[in-house]
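Geometric and topological summary
As a plain string of letters, each chain reads:
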Amino acid sequence: MSIFRKPDYNSHNKSGELPLEFKEVTKNQGLIVSWCPKTKFLAHQAIACFLTHCGWNSILETISADVPVIAYSQWTDQPTNANLLSDVFNIGVRLRPNNGGGINGEEVGKCIGEIVNGTNSEGYKKNAMELKLTMREGGSCRWRLIRQEYSFVRR
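This is a predicted model, so every value here is computed, not measured. Residue indices begin from 1 for each chain and proceed along its sequence in written order. The predicted origin of the model limits local features to residues at a pLDDT of at least 70 and limits the giving and counting of side-chain atom pairs to 80 or more, whereas totals for whole chains, interfaces and linings rest on all residues. With hydrogens and water excluded, all non-hydrogen atoms of the structure serve as input to the side-chain values.

Quick look at the pattern of salt bridges
Condition: Any carboxyl oxygen of Asp or Glu within 4 Å of a side-chain nitrogen of Lys or Arg constitutes a salt bridge here. Here a strand is any run of E in DSSP of at least two residues, a helix any run of H or I of at least four, and the numbering for each starts at the N terminus.
A full pass over the atoms with the stated rule returns 6 salt bridges. With a closest N to O distance of 3.1 Å, E61 and K38 form a salt bridge. Remark: K38 occurs in helix α2 (residues 38–43) and E61 occurs in helix α3 (residues 56–64); sequence separation between them is 23 residues. Put simply, E122 and K125 hold a salt bridge, and the shortest N to O gap is 3.6 Å. Here K125 and E122 lie together in helix α6 (residues 121–154), a separation of 3 residues that amounts to about one turn.

Topic: α3
Just so we agree on the cut-off: For each residue, the accessible area found with a 1.4 Å probe, counting protein chains only, is set against the maximum for its type, and the residue is called buried under 20%, exposed over 50%, and partly exposed in between. What the arc measures is the spread of directions leading from the helix axis to the C-beta atoms.
All buried positions along α3 are accounted for by S58, I59, T62 and I63. All buried residues of α3 project into a common sector of 130° when viewed along the axis, lining one side. Just downstream of α3, D66 is the residue with a positive phi angle, here 45°.

As structure tokens, this is what we get:
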């Protein structure tokens, strides 16, 4: 399953828009919708991992669903959040952009393969479940303390 958000604005080069051929090729394989409740999507048994921009809401929703992540951060707090997910809590991998800053299908496929079949695939799932339980025990206050502790250690 994939969810693609429509760009907030139109660009001259159609950046962020799905190509017309994508819609044609996939018309019998899925459904293109304008909105989907992310928490229900993440809770679906078919979801093996979630490619996220590492925004705070996405992180909380992902943790509550105990889903491993592919972290693709861009700015502000997202790189720190991506580091927490991949390097500290070890619930996923980071998507590495190419030299031009973009990503390609090969890199995304590599990350999916690592999450689903890689040497640490079971570890990502186990760690995601443990993090979910930690959040459940202490709520978001516990998570904020963990995050503050981590940011202090990194300085």
